[in-house]
Amino acid sequence: AEPPWQGGGCEEGGMRAILARTPFPSPTAFVSTTPSPLLPRLPATCRSSSLVRQSCYSTPVPFPWRPIASPAWPSCFSKSSWPSRPSLKNHTRKFALRSAGKYGVAMELQTTLKIACLQLACGTDKKANIQNAAAKIQAASQQGAEVIVLPECFNSPYGTKYFPEYAENVIEGQSETALMLSTAARDNKVFIVGGSFPEKEGEKIFNSCYIFNRDGDMVARHRKVHLFDIDIPGKITFKESDTLSPGDCPTIVDLSEHGGPPVRMGIGICYDIRFPELALLYRHLGCSMLVYPGAFNMVTGPAHWELLLRARAVDTQSFGIVCSPARDENADYIAWGHSMVVDPWGEKLVELQEKEDILMVDLDLTQVVSRRQNMPYWLQRRQDIYKLSSPFMPEKKPSSDK
């Protein structure tokens, strides 16, 4: 049977949204019922049917449904729980077990989250890039990071001429980059938002971000939806569509479905941040954090990098995260750097400069609830005048009231 929170939009109290109905075959090299470098921890019965998918929503897992509540959520919802999951290594300000009245017993959930953004130097040596990323992931984990975000195109230089050369076929298991991310997530017990790297499938090349849970399982994939095609006379001309194909689906990762905190992340890549409709869709589907690996340049970066992140955060009353490669003045495409995190009020919490570095920040997850309650403009929208529409929004069931 479907879980009790099946159906309905997040504003109506529902917790499940079917984001991707298009079949997506799991890479055979990344799905196994026997121990492997990628899936060593959980027995097959503990995994959902598709480990790599456009969203984290899957068929119900064979665990009991338990009502849970937290200051990071405004009300109680029924969600799956994994009783055998180990406790988080960095619990801070726990929400203690207590009676929740008619909702039963509330589970213990954390209300803060330590995020790391890796602003990596990315050169022409792919193996060196991958090894550097692995080392920085380990360093961030040792500093207490629970979710680690990598930059766009971290395994290669950024440029249309490099994409075909550096592209990897994840679907067929021919991806040393994905293997490194999976192994690093498993060994360091962290969630990883794997920036992006060129991904080949058939004759097409995508700019793809893979997300891994603490066991090294792939739990989601985002392919860059909006391709970076611009022409600013006298400054920069760039056309990703010369070599890349666009993705066709939004991507959401619910960390609580993988033993993590009550955080639902909406994923975008670089140019995706310029489109508020995608961010608003993520808000409608219950996201409290927007994550954008990106590589703005020396023209668009100073003008719009911070502006766009703060705008998307305020639009959705969510945390906003952008993670850039470090600046290389000798590269064909010079990245702006300045990886950054802002809160739901649009205030900048921390920002790096242009050099390679690790950004660390503690997020107070209760800010999302307090900001949305104090200024509930999401509930004040005039949907009789304008309306957000998307094929990925769950259909509202007709009321039985006459």
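Residues numbered from 1 in each chain as written. Predicted model: local features only at pLDDT ≥ 70, side-chain atom pairs only at ≥ 80, totals over all residues. Heavy atoms only, no water.

**Some points on the overall build of the protein chain**
Next, step 1: Along its length, the protein chain carries six helices and 21 strands.
Next, step 2: In the protein chain, buried positions account for 57% of the 402 residues.
Next, step 3: Put simply, the protein chain shows about 17200 Å² of open surface, and 52% of that area lies on carbon and sulfur atoms. (Helix = DSSP H or I, 4+ residues; strand = E, 2+ residues; numbered from the N terminus. Buried < 20%, exposed > 50% of the residue type's maximum accessible area, 1.4 Å probe, protein only. Areas by Shrake-Rupley, 256 points an atom, 1.4 Å probe, with all protein chains shown as cover.)

**Some points on the sheet that holds strand β17 (residues 289-293)**
What links the strands of a sheet is backbone hydrogen bonding, and the strands pair in either a parallel or an antiparallel sense.
Next, step 1: Taking strand neighbours across the sheet as the criterion, the six strands line up as β15-β16-β17-β18-β19-β20 in an open arrangement whose pairing is mixed. Looking at which strands have only one partner, the edges of the open sheet turn out to be β15 (251-254) and β20 (348-351). Neighbour-to-neighbour, the strand axes of this sheet turn through a mean angle of 15°, independent of strand direction.
Next, step 2: Where strand β18 (residues 319-323) and strand β19 (residues 340-342) come together, three bridges link them in antiparallel fashion. Bridge pairing links I321 to V341 in β19.
Next, step 3: Here helix α4 (residues 276-284) sits on the sheet in contact with β15, β16 (264-267) and β17, set at roughly 140° to β17. (Pairing = 2+ DSSP bridges. Axes fitted to C-alpha atoms, helices over the stretch in contact; angles between N-to-C directions. Contact = heavy atoms within 4.5 Å.)

**Re the side chain of D215**
Next, step 1: Summarising the element assignment, D215 is placed in the loop between β11 (204-212) and β12 (218-223).
Next, step 2: You can call D215 buried: its relative accessible area is 6%.
Next, step 3: At a separation of 3.4 Å, a polar atom in the side chain of D215 contacts the side chain of K189. (Polar contact = N/O pair within 3.5 Å; in protein donor to acceptor, adjacent residues only side chain to side chain.)

**Regarding the pattern of salt bridges**
Next, step 1: Tallying each qualifying case throughout the model produces 18 salt bridges.
Next, step 2: Measuring nitrogen to oxygen at the nearest pair gives 2.7 Å for the salt bridge that ties D384 to R382.
Next, step 3: By relative accessible area, which is 60% here, D384 ends up exposed.
Next, step 4: Note on R382: relative accessible area 42%, which makes it partly exposed. (Salt bridge = Lys/Arg side-chain N within 4 Å of Asp/Glu carboxyl O.)

**A look at the confidence of the model for the protein chain**
For residues with low pLDDT, the predicted coordinates do not support detailed interpretation.
Next, step 1: In the predicted model, the protein chain carries a mean pLDDT of 79, and 71% of its residues have values of at least 70.
Next, step 2: Within the model, pLDDT remains below 50 along residues 31-107, and this stretch shows 199 contacts once partners closer than five positions in the same chain are excluded. (pLDDT = per-residue confidence, 0-100.)

**Describing the environment of L290**
Next, step 1: The topology assignment puts L290 in strand β17.
Next, step 2: Sequence separation between L290 and G266 is 24 residues, and the spatial gap between their C-alpha atoms is 4.9 Å.
Next, step 3: Non-local contacts of L290, meaning those with residues more than four positions away in its chain, are made with G266, A279, Y282, R312, T316, S318, F319, G320 and I321.

**Here we look at the packing of α4 against helix α5 (residues 300-316)**
Next, step 1: Packing of α4 against α5 brings their axes to within 9 Å, and their N-to-C directions diverge by 35°. Here α4 and α5 pass one another in a crossing that is right-handed. Packed against α4, whose contacting residues are P276, A279, L280 and R283, the element α5 presents R312, D315 and T316 at the interface.
Next, step 2: Here the contact of α4 with α5 is composed, by residue class, of three nonpolar, one polar and three charged. (Left-handed = near helix turned anticlockwise from the far one by under 90°. Nonpolar A, V, L, I, M, F, W, Y, C, P; charged D, E, K, R; others polar.)

**Points about the packing of helix α1 (residues 126-142) against helix α3 (residues 176-188)**
Next, step 1: At a minimum axis separation of 10 Å, α1 and α3 run at an interaxial angle of 15°. Here α3 runs roughly parallel to α1, going by the angle between their axes. Pair α1 / α3 crosses with right-handed handedness. Across the interface between the two elements, K126, K127, I130, A133, A134, I137, Q138 and S141 from α1 touch E176, T177, M180, L181, A184 and N188 from α3.
Next, step 2: When the residues that make up the contact of α1 with α3 are grouped by side-chain class, the tally is seven nonpolar, four polar and three charged. (Parallel < 35°, antiparallel > 145°, perpendicular 65-115°, else oblique.)

**Examining the pairing of β17**
Next, step 1: In terms of residue burial, β17 counts as a mostly covered element, since five of its five residues are buried.
Next, step 2: What you see with β17 is no split at all: M289, V291 and P293 on one side and L290 and Y292 on the other are buried throughout.
Next, step 3: The sheet contact formed by β16 and β17 spans three bridges and is parallel. Its bridge partner lying in β17, M265 is registered against M289.
Next, step 4: Sheet topology places β17 next to β18; five bridges connect them, and they run parallel.

**Overview of unusual backbone geometry**
Next, step 1: In this structure, C153 takes a positive phi of about 50° despite not being glycine.
Next, step 2: For C153, a relative accessible area of 2% gives the class buried.
Next, step 3: Its identity as a non-glycine residue notwithstanding, K189 has a phi of 55°, on the positive side.
Next, step 4: Along the chain, K189 falls in the loop between α3 and β9 (191-193).

**Here we look at α1**
Next, step 1: Between the first and last C-alpha of α1 there are 25 Å, a value that for 17 residues agrees with the 24 Å anticipated at 1.5 Å per step.
Next, step 2: Every buried residue belonging to α1 is among K126, N129, I130, N132, A133, I137, A140 and S141, and all of these are buried.
Next, step 3: In the core, the buried residues of α1 are packed alongside β7 (112-119), β8 (147-149), α2 (163-166), α3, β9 and β21 (357-364).
Next, step 4: Of the residues that open α1, the one with a side-chain oxygen 3.2 Å from the backbone nitrogen of K127 is D125.
Next, step 5: Within two residues after α1, G144 carries a phi angle of roughly 100°, on the positive side. (Expected span 1.5 Å × (residues − 1).)

**Let's talk about the nonpolar core**
Next, step 1: Counting 51 residues, the largest nonpolar core has V193, M265 and M289 as the members making the most contacts within it.
Next, step 2: What M289 contacts, discounting residues up to four positions off in sequence, is L113, I115, V263, R264, M265, G266, S318, F319, I321 and L363.
Next, step 3: A116, A178, A185 and Y210 belong to the second-largest nonpolar core, a separate cluster that totals 25 residues. (Core = buried A, V, L, I, M, F, W, Y, C linked by side-chain atoms within 4.5 Å.)

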